[in-house]
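Understanding the architecture of this molecule
Below are the chains, spelled out letter by letter.
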Amino acid sequence: MDKIVIRGGKPLSGHVPITGAKNAALPILIATLVAPGEHRLSNVPDLVDVSSMLSLLGRIGCPSLKHGSDVRLDTTRVSFCEAPYDLVRKMRASVLALGPLLARCGEAHVSLPGGCAIGVRPIDQHLKGLEALGAEFELSGGYVHARTSGLRGAHIVLDVPTVTGTENILTAAVLARGESLIENAAREPEIIDLARFLRSLGAKIEGEGSGSIRVQGVHELKPAAEPHRILPDRIEAGTYMVAAAITGGDVTVTGVDPRDMGPVVEKLRAAGCLVELGTDRIRVQQSGDLLPVDVTTRPHPGFPTDMQAQLMALCTLAKGRSVITETIFENRFMHVPELARLGADIQVEGNRAVVTGVEGLHGATVMATDLRASASLVLAGLATEGPTEILRLYHLDRGYERLVEKLQAIGADVERVPDDLRDRIPTSLSATVA
Ligand code: EPZ
């Protein structure tokens, strides 16, 4: 098991190339099932979750080849309509196999994803939408067993704008007989990218990103002639933008779409940062005091929950009190006790965290609990001189490609080392032990 050791307190400066979005690549990879043949994708990030999704597709009978950020995937044959527990437990996004497998094979056997650190993560809306399209479900043995004698168009109104729920339903509806209307659909940019990809296969979709998606089902879909390029990861970009702000640096993230970054840009400006938008880049400069900001997470186009932990790290050093309200997940403050170990002053009251800025943080050994919480600990470590060690790196590896190298390239003193327990015995104690 590795750990990250950071010796922070240095302003970061330079350029960070942003990779393809994890949360676009995952639904698009599994959606290739609706069009038999060879698919080509570009700008696919090198992440554990992407490897897991390619393994799942391999289990289903679809071999793939990843070379750098290019992926070739052959979905000509589907021999196994199942997403087994051993894969789903590692990556809950495997639940995205439900819609494509139902559309392709008329059946799907997907392990229930179960909860995770940030919440219960139910899939009732996924099932509600797929049932409206003509699927029947049986829950047994920890699996969802889905079957259909033929999907037909339906009018679906979601109770919550679930991102993967919208993706599951959309990917099934494209092959349903007749017209579907999905209302209260998620509006995230990753949904728009999935719709673009499905349209390149011949799907008839309109309204994606508006909250109401209209689909005319077609009889068959074919792989696109040209590779689909995965859109940039707005959460990775936001994370490095906060790295600039928290270290008082000057960092430009490149290969991004600033139109997807509105809420994060607005909060960084409110915190006192100078933020300049280019066509495919964003520059963040910070000097002087950080100002406190209040933020409430909301479905897109609101402030993204996946940036909540990162912004909280920034607020721990602001001159004043910030109030952070998490409205998407019921348990997404796991980073609070770990930030407190670094000296942060945060009081949690239900889904609100009140952050009182402190003069400075201090290094310590901290534990990553989920993907974005890990990122917030890295950001806090970058702002403090004492060495900060971050354990359980597998969380970070799921969602951040080459994090250490990218940080080193903008001046961070950060390294990834084997986590040897003996290293963690306090010197005072080891002296007495000796
Ligand atoms: C997606 O998760 C993302 N994952 C998450 O990113 C992201 O945090 C989340 O959307 C919100 O933006 C992927 O795209 C792979 P939801 P998802 O369904 O789809 C409730 C990361 O760090 N809900 O939009 O699972 C649910 O409990 C990850 O990259 C139901 O009640 O999230 C939650 O409160 C973490 N019933 C809310 O909706 C359902 O059937 C939003 O969840 C589905 C969801």
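Values in this document were obtained by computation on a predicted structure and should not be read as measured data.

Looking only at helices and strands, the chain has 15 helices and 24 strands in total. Taken over the C-alpha trace, the chain has a radius of gyration of 22 Å; the compact-globule value for 434 residues is 22 Å, and the two agree within 12%. Seen through its principal axes, the chain has C-alpha atoms that stretch 70 × 50 × 40 Å. Buried residues in the chain amount to 56% of all 434 residues. Contacts spanning at least 24 positions in sequence make up 73% of the contacts within the chain whose residues lie at least 6 apart. Total accessible area on the chain is roughly 17200 Å²; 51% of this is exposed by carbon and sulfur atoms. Averaging the locations of the 45 positively and 52 negatively charged side chains of the chain gives two centres separated by 2 Å.

Okay, the sheet that holds strand 5 (residues 70-74) next. Strand pairs in the sheet, formed through backbone hydrogen bonds, run parallel or antiparallel to each other. With respect to topology, 4 strands assemble into an open sheet ordered 4-5-3-14, the strand pairing being mixed. Two strands close off the open sheet at either side, each with one partner strand: strand 4 (64-67) and strand 14 (228-229). In the sheet, strand 3 (residues 38-42) pairs with strand 5 via 4 bridges, with the strands oriented antiparallel. By the bridge assignment for strand 5, Arg40 is matched with Arg72.

With that out of the way, let us pick up the sheet that holds strand 18 (residues 295-296). What the 4 strands build is an open sheet, ordered 18-19-21-20; its pairing is mixed. This sheet does not close on itself; its edge strands, each paired only once, are strand 18 and strand 20 (345-349). Taken together, the 5 bridges between strand 20 and strand 21 (residues 352-356) define a ladder with antiparallel strand orientation. Among the inter-strand pairings, Asp345 is bridged to a residue of strand 21, identified as Thr356. Sheet contacts for helix 10 (residues 308-315): strand 18, strand 19 (321-325), strand 20 and strand 21; angle to strand 19, the most-contacted strand, approximately 170 degrees.

Attention now moves to helix 10. Counting buried positions along helix 10 gives 8 out of 8 residues, so the element sits mostly inside the fold. Within the span of helix 10, buried status applies to Gln308, Ala309, Gln310, Leu311, Met312, Ala313, Leu314 and Cys315.

In this section: unusual backbone geometry. Each neighbour pair has its own omega, and for His300 with Pro301 the value is 15 degrees, a cis peptide bond. The topology assignment puts Pro301 in the loop between strand 18 and helix 10. One non-glycine residue, Asn184, lies in positive phi territory at about 60 degrees. Relative to the helices and strands, Asn184 is located in the loop between strand 11 (179-183) and helix 7 (189-200). Classification of Asn184 by relative accessible area gives partly exposed; the value is 31%. The phi dihedral of Arg402 falls on the positive side, at around 50 degrees, and the residue is not glycine. For Arg402, the location among the structural elements is in the loop between helix 13 (394-399) and helix 14 (403-409). By relative accessible area, Arg402 is classed as partly exposed at 43%.

This brings us to the confidence of the model for the chain. Atomic detail in the predicted coordinates should be set aside for any region of low pLDDT. Looking at the chain, the pLDDT average stands at 94 and 97% of residues meet or exceed 70. Low pLDDT, under 50, characterises residues 430-434; the predicted model gives this stretch 1 contact beyond four residues in sequence or across chains.

This part covers the site of the ligand. Among the 20 residues in the neighbourhood of the ligand, the closest are listed as Gln125, Thr162, Thr164, Asp306 and Ile328. Between the ligand and Lys22 there is a distance of 2.9 Å, counted from an oxygen atom to a side-chain nitrogen or oxygen. In the model, an oxygen atom of the ligand is placed 2.6 Å from a nitrogen or oxygen of the Thr164 side chain. Within the complex, 85% of the 820 Å² of free accessible area of the ligand lies under protein. Elements supplying a minimum of two residues to the shell around the ligand: helix 1 (22-31), helix 5 (124-132), helix 6 (163-173) and helix 12 (371-382).

The domains assigned to the chain are domain 1 (2-19 + 232-424) and domain 2 (22-229). Once you take the C-alpha centre of each, domain 1 and domain 2 turn out to be 30 Å apart. The partner domain 2 presents 19 residues to the 23 residues of domain 1 that form the contact. Note on domain 1 versus domain 2: buried area summed over both sides is about 1800 Å², and carbon and sulfur give 53% of it.

Calculation notes
- Residues numbered from 1 in each chain as written.
- Predicted model: local features only at pLDDT ≥ 70, side-chain atom pairs only at ≥ 80, totals over all residues.
- Heavy atoms only, no water.
- Helix = DSSP H or I, 4+ residues; strand = E, 2+ residues; numbered from the N terminus.
- Rg over C-alpha atoms; globule rule 2.2 N^0.38 Å.
- Buried < 20%, exposed > 50% of the residue type's maximum accessible area, 1.4 Å probe, protein only.
- Contact = heavy atoms within 4.5 Å.
- Areas by Shrake-Rupley, 256 points an atom, 1.4 Å probe, with all protein chains shown as cover.
- Lys, Arg positive; Asp, Glu negative; His and termini not counted.
- Charge placed at Lys NZ, Arg CZ, Asp CG, Glu CD.
- Pairing = 2+ DSSP bridges.
- Axes fitted to C-alpha atoms, helices over the stretch in contact; angles between N-to-C directions.
- pLDDT = per-residue confidence, 0-100.
- Near = heavy atom within 4 Å.
- Polar contact = N/O pair within 3.5 Å; in protein donor to acceptor, adjacent residues only side chain to side chain.
- Domains from an automatic or database assignment.
- Buried area = accessible area lost by both parts, 1.4 Å probe.

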